[in-house]
Amino acid sequence: AKHDGHDDEGRNATLPWLCLYTAKSAFLFQISYSPSSSYNDPSSSTTIGKLMECIEPFEEYLLHAPSSKSSILRIRPSPACTDMICPPGSMAMLTSDYALVLYHGIAKTFCTTPLQFPPEEFGEEEEETFVDFCFMTTPSSSSSSLSLFTMMSILFLKSNGHVYGASPIVFDSTIVSTKLVRDANTFLDGEILRLQHHRTETENKEARYRMCRGGKQFLLDAFGPSSSSTTAAVNRNPYYVTSYIASSGTDKSSTIWPIQLQGPLLLSKTTPAPTADDDDYGILSKALVMEYFGCCTSANVSLDGIVIASSSSSNNKILSFGIFPGGMTTLLPRFAFETLDDQSILDSGNYNCGAIVECIQLQEEDCVEEEEAMYKNALVTAGGGNGRLNCDIVMDPVKNGMLHVVSSKGVFTVTTNVLSVYAHNIAQDVEYNSNTSATPSFMRQQQQQQKKALEVQTNAWSCLEVSGGSGVEDEEIYSRDYGTPAKSGTGGRVSLSGVVVSGDAHLGHVLVATLSNGTMEAVNITAAQYLHEASVLDASTSLTEPKTNNKAVIESDEALKVMQSMQPLHEQLKPLMTKVVASLSTMGKIVGGQTKPFEANASSIATFISTKEKCEQDIVLPLQEMNELSSNRMNVLKDMHAHQEKQVQQLKNMIDTLRQRMKVTSEKKMIAESNANVLAQRSAAVLAASRDLLPTITEAEREYFGQLKRYEMNVHKWESAFQDVQNKCTTLCDGMDPNITSCKVNLNEEHIAQCFDLLGAEGKLLKKHGKKIEKVESMMKELVVSSGFGENE
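Bear in mind that the values here come from a model prediction, so they are computed numbers and not experimental data.

Asker: So, the confidence of the model for the chain: which residues are in play, and what are the values?
Answerer: On average, residues of the chain score 77 in pLDDT, and 74% of them are at 70 or above. Confidence drops under pLDDT 50 across residues 1-9; counting only partners more than four residues distant or on other chains, this segment forms 19 contacts. When the criterion is pLDDT under 50, residues 270-283 qualifies, and its contacts beyond four places in sequence or with other chains add up to 31 contacts.

Asker: Give me the lowdown on the packing of aromatic side chains, citing residues and values where you can.
Answerer: Scanning the entire structure with this criterion turns up 15 aromatic pairs. Taken together, a centroid distance of 6.2 Å and an interplanar angle of 50 degrees make the contact between F135 and F171 tilted. Pair noted here: F135 is in strand 11 (residues 130-135) and F171 is in the loop between strand 13 (163-166) and strand 14 (175-177), with a separation of 36 residues, a long-range link. What makes F135 buried here is its relative accessible area of 9%. Given the relative accessible area of 2%, F171 is considered buried.

Asker: Go over the pattern of salt bridges with me, naming the residues and quoting the values.
Answerer: Summed over the entire model, instances satisfying the criterion amount to 15 salt bridges. In this structure, R334 engages E338 in a salt bridge whose closest nitrogen and oxygen atoms are separated by 3.0 Å. Of the two residues, R334 and E338, neither departs from the other in class, the shared state being buried. Connected via shared salt-bridge partners are R74, R76, D132, E291 and D392.

Asker: Go over unusual backbone geometry, please, and point to the residues and values.
Answerer: Between S167 and P168 the backbone carries a cis peptide bond, its omega angle lying at 10 degrees. Along the chain, P168 turns up in the loop between strand 13 and strand 14. Residue P264 is reached from G263 by a cis peptide bond, and omega for that bond is 15 degrees. For P264, the position within the fold is in strand 16 (residues 261-266). Unlike most non-glycine residues, Y98 shows phi in positive territory, near 60 degrees.

Asker: Lay out the side chain of H532 in plain terms, naming residues and giving numbers.
Answerer: Its place among the elements puts H532 in helix 11 (residues 525-544). Those residues in contact with H532 that sit more than four places away from it in its chain are N459, A460 and W461.

Asker: An account of the nonpolar core is requested, with residue identities and associated values reported.
Answerer: By size, the foremost hydrophobic cluster in this structure holds 50 residues, and its most contacted members are L100, L148, F149, F156 and L219. Here the element with the most residues in this core is helix 5 (residues 203-223); it accounts for 8 residues. What L100 contacts, discounting residues up to four positions off in sequence, is A92, M93, T112, T113, P114, L115, F133, I154, F156 and I169. Counting 24 residues, the second-largest nonpolar core is a separate cluster that includes L288, C296, V357 and V418.

Asker: I'd like a rundown of the side chain of D97, residues and numbers included.
Answerer: Looking at where D97 falls in the secondary structure, it is placed in the loop between strand 8 (91-95) and strand 9 (99-103). The charged side chain of D97 is buried without a salt bridge, its nearest counter-charge being K24 at 9.3 Å. Polar contacts involving the side chain of D97 include one to the side chain of T95, which spans 2.2 Å. If near-sequence neighbours (up to four positions away) are discounted, D97 is found in contact with Y61, P66, S70, Q116 and F117.

Asker: Account for the sheet that holds strand 5 (residues 72-77), naming residues and giving values.
Answerer: Spatial strand order, 5-8-9-10: 4 strands in an open sheet with antiparallel pairing. The strands lining the two open edges of the sheet, one partner per strand, are strand 5 and strand 10 (111-116). Between one strand axis and the next, the sheet turns by 20 degrees as a mean value, whatever way the strands run. When strand 5 meets strand 8, the two strands line up antiparallel, connected through 5 bridges. Considered in strand 8, the bridge of I75 is made with M93.

Asker: Before we move on, could you go through the packing of helix 4 (residues 178-196) against helix 5 and cite the residues and values that matter?
Answerer: Remark: helix 4 packs on helix 5, axes separated minimally by 9 Å, with the N-to-C direction vectors making an angle of 150 degrees. Here helix 4 is positioned roughly antiparallel relative to helix 5, judged by the angle of their axes. The two elements helix 4 and helix 5 cross, and the hand of that crossing is left-handed. Where helix 4 abuts helix 5, its residues V181, A184, N185, F187, L188, D189, E191, I192, R194, L195 and Q196 lie against K205, R208, Y209, C212, R213, G215, K216, L219 and F223. Residues belonging to the contact of helix 4 with helix 5 are distributed by class as follows: 10 nonpolar, 3 polar and 7 charged.

Asker: Explain the sheet that holds strand 15 (residues 240-242) residue by residue, including any values.
Answerer: Taken in spatial order, the 4 strands line up as 6-7-14-15 in an open sheet, and their pairing is antiparallel. Looking at strand neighbours, the two that pair on one side only are strand 6 (80-81) and strand 15, the edges of this open sheet. Pairing of strand 6 with strand 7 (residues 84-85), which is carried by 2 bridges, proceeds in the antiparallel orientation. Note on strand 7: the bridge partner recorded for A80 is I85. Of the strands in this sheet, strand 14 and strand 15 are in contact with helix 4, which crosses strand 14 at around 65 degrees.

Asker: How would you explain a nonpolar patch on the surface if you had to name every residue and give the values?
Answerer: Where nonpolar side chains cluster on the molecular surface, the patch consists of I85, I175, Y239 and Y240 and spans about 420 Å² of accessible area. Tracing the backbone shows Y240 in strand 15.

What counts as what
- Residues numbered from 1 in each chain as written.
- Predicted model: local features only at pLDDT ≥ 70, side-chain atom pairs only at ≥ 80, totals over all residues.
- Heavy atoms only, no water.
- pLDDT = per-residue confidence, 0-100.
- Contact = heavy atoms within 4.5 Å.
- Phe/Tyr/Trp six-rings, centres within 6.5 Å; stacked < 30°, edge-to-face > 60°.
- Helix = DSSP H or I, 4+ residues; strand = E, 2+ residues; numbered from the N terminus.
- Buried < 20%, exposed > 50% of the residue type's maximum accessible area, 1.4 Å probe, protein only.
- Salt bridge = Lys/Arg side-chain N within 4 Å of Asp/Glu carboxyl O.
- Core = buried A, V, L, I, M, F, W, Y, C linked by side-chain atoms within 4.5 Å.
- Lys, Arg positive; Asp, Glu negative; His and termini not counted.
- Polar contact = N/O pair within 3.5 Å; in protein donor to acceptor, adjacent residues only side chain to side chain.
- Pairing = 2+ DSSP bridges.
- Axes fitted to C-alpha atoms, helices over the stretch in contact; angles between N-to-C directions.
- Parallel < 35°, antiparallel > 145°, perpendicular 65-115°, else oblique.
- Left-handed = near helix turned anticlockwise from the far one by under 90°.
- Nonpolar A, V, L, I, M, F, W, Y, C, P; charged D, E, K, R; others polar.
- Patch = residues over 30% accessible without salt bridge, like charges linked within 9 Å, V, L, I, M, F, W, Y side chains within 5 Å.
- Areas by Shrake-Rupley, 256 points an atom, 1.4 Å probe, with all protein chains shown as cover.

Following this line, the structure appears as structure tokens:
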């Protein structure tokens, strides 16, 4: 809610509605305070407030929840933009039993549950649970015929990094631009007319036709006849329409239809590509929170962006930037009465239509177990952070492409141009491909060379850190600004409990953090970003300095260029001084007039007023501006001096710590050297004893054993060859039939006699060789017995 009061006549001022929630309860507070009390006592750091009203918006639903174990996962306020104004106090709640509950504001005080999906559809494992959701808020600059559907869409995040969507989500009494509703109706009417005559051709057209009919009916019931595209309807309410959402199931309005979960729109492992520098990138992580990153349009290409924060196994935070195509793939209204076939067909159109295009890791300092337990305290952010997750993302209200990752240990600030770069590159590719067919080949090469693809530039730095001390001394909160660290003064550990980023013109671009001990710390985000960029440029210059000559070093001194980008004081004062000197020289000496006041006429008064105005415009105002510039520059120099003194003191402390570590290391080195000598002597004694115990053989025995190994290898080879011959013989013998087989050779008596003589000679040779084999066998047996490998028989 956004109604603030002002103390114009001594009345109390009212703060915006504040929502506080735990896992089981949610409260909506209205708090007032008296600004005059803080004005009367400027030294007081606190203002006494008064609780005007307390509402439990989701009390009825939580008391009658389907499951007794139901708990609150996340509560987010209704989206805010110029084309859609939600009622004060409206918000959405995601519960652990997978239900999205809408509270329709403090004026209506009723809740609806447009989306509730059974857990068995997605599994009950930890990696299959839903952990967060976010609205898709489209800026007015990127409005199109489908902008209303984008504003009515919502995204869901699972712990494994998958992203789902749902539409429509509308709060009761929401004020919407008539043009957006009329354009959405026109789009649906065109789709219905296009599909009406061809819907029976394919199942895809039939399913889309029924979806458009349902979306058309919802717009008619939610925004009334005034949202129609007819001229008479527009004349009744030409600028804005108000939504109507039925509060009970007895109404036959389509606004009570349960909506259908769509997707997954994005399949992600929430893990960057593994690198050689950091092993943590190769480990799967658990998704924690998600934020809508905005919409970017380049030429005819429109992209929606999201950012997902996940936690790795080493408790480091990983940011994943994803994109979704806009235009015709925007989520359209779908309802739970779809058939399974229609659901499958419609989901296939948007299945995994997004992609993770950038991933970075934010490495936090290691801490002991006691600190880990302490850091699990609840974390509150301006965006309605979930305390159980100990992490949240706060979008910067001033700079596009900047966000802040908040945890109990500190705040990381991230800037990126990933959305605009991919929109530009995709638009260039689309334009090049569309002109390829009508362009000659020699001109295509020239166009391809002229096409310039932008590069993604993502920077991240620690904007605020909570140091992890021992708990005895005061803790320090280090901010990446010119300021000094803030002391806790309690003697115990502190953690970050709340963060908000101010976009107010009077306060400036400031991040305000609340600590667990009640103190507050403010960080100038612009100054911190300037110091980070200067340090990065200085580091890059120092790395490239040894590889370049003196002239190249001077030209590439980017750090010096950044410092010189701040205009010197004398250049700022020079035009003002010139103006003052010129005015004084033309004015001459001013003396008192002789005319008495009661004798003054119109001409003398006009002369006096003209002289006074000229003095104020040409002398007094420039002098005041010079004074303001000098004071601001003095404050900047003081802050820089204090920051440099703090850095010098930190360097001195680091030097002292390194000296102590070197002293301890030298002592350990002496002890290690003495222990190494003793171990060397013991190792030498063990080596000598082992050599004495090792059995030794002669050279002849070594050669004999080598021959035995060779014989063994030959035997194995001969056995395989013999087995092959035996198998072949067996096959031949089995194939021969003695009753059929007959000799086909006709021999005379002389040849027969020669064959018998040959057989007799072969028999004698066989007997001779048999005796030799028996002799060799006996010799082998004697050799085996003499070698000790056998016994006498």
